[in-house]
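Structural overview for review
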Amino acid sequence: MDLLEAKSRIAEALVESIFRRARYEIAPFRSNASLPLRFGCEDFSPDFRVTQTTTENEERAFLIEVKYRPSVEQFISVENQRGDKSIFYMARRQWPSLYFVLVTERPESGRSCFQALAFETLRSGEPFRTVDLTEVKEFGLFPHNVEDHEELVRRIFELLTA
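A brief report on the enclosed structure follows. (Residues numbered from 1 in each chain as written. Predicted model: local features only at pLDDT ≥ 70, side-chain atom pairs only at ≥ 80, totals over all residues. Heavy atoms only, no water.)

**A word on helix α1 (residues 3-21)**
This is how the line gets drawn: Helix and strand definitions follow DSSP, with helices as H or I runs of at least four residues and strands as E runs of at least two, each counted in order from the N terminus. A helix is expected to reach a length of 1.5 Å times the quantity of its residues less one. Here's how the labels work: a residue is buried when its accessible area is under 20% of the maximum for its type, exposed when over 50%, partly exposed in between, all with a 1.4 Å probe on protein chains only. Working rule for contacts: check all heavy atoms of both residues, and any pair within 4.5 Å makes them a contact.
Between its first and last C-alpha atoms α1 spans 27 Å; for 19 residues at 1.5 Å apiece the expected length is 27 Å, and the two agree. Considered for burial, the residues of α1 that qualify are Ala6, Lys7, Ala11, Leu14, Val15, Ile18 and Phe19. Those residues of α1 that are buried are in contact with β1 (25-28), β4 (48-53), β5 (59-68), β6 (98-103), β7 (114-117) and α4 (143-161).

**Regarding the environment of proline 70**
Position of proline 70 among the secondary structure elements: in the loop between β5 and α2 (72-82). Placed 63 residues apart in sequence, proline 70 and lysine 7 show a C-alpha to C-alpha distance of 9.6 Å. Non-local contacts of proline 70, meaning those with residues more than four positions away in its chain, are made with Thr104 and Arg106.

**Here we look at unusual backbone geometry**
Here arginine 23, not a glycine, exhibits a phi torsion of approximately 70°, which is positive. Along the polypeptide, arginine 23 turns up in the loop between α1 and β1. In this model, asparagine 57 sits at a positive phi of 65°, which is unusual for a non-glycine residue. With respect to the helices and strands, asparagine 57 occurs in the loop between β4 and β5. Overall, asparagine 57 belongs to the exposed group, its relative accessible area being 66%.

Next up, the structure:
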């Protein structure tokens, strides 16, 4: 296992932990109906499904794909250049309720280590942009939950690269 793969697996586990702490049920994503969405050697299929029952007894469910990236901004820039052929569009066509969560230990100043693609606010022709994970209102995540996990990202990834 190389360093990038190790960081990717850790990123996925930390995002799962954020949702667990927010009282979501987590289930691995398995779909017999569709093939994995691969781009190069990387799989862009959902990693897991999160569900939560609201106080009104309604179930909210989302598919989550977690990707570790050393530079979220560079990754988003490349996908913006790809336009309609972006992996984000291809994945959303296959799974309309899919959310991408991007994890980095080096976010831009003032940004979170955990960022999500803001599909719900994306207008046709606009470039992709990320929002901090706590800004995705439908998830209802508390900032202190994400902040605790940001500290873990920095500590664990620093140990891996030391």
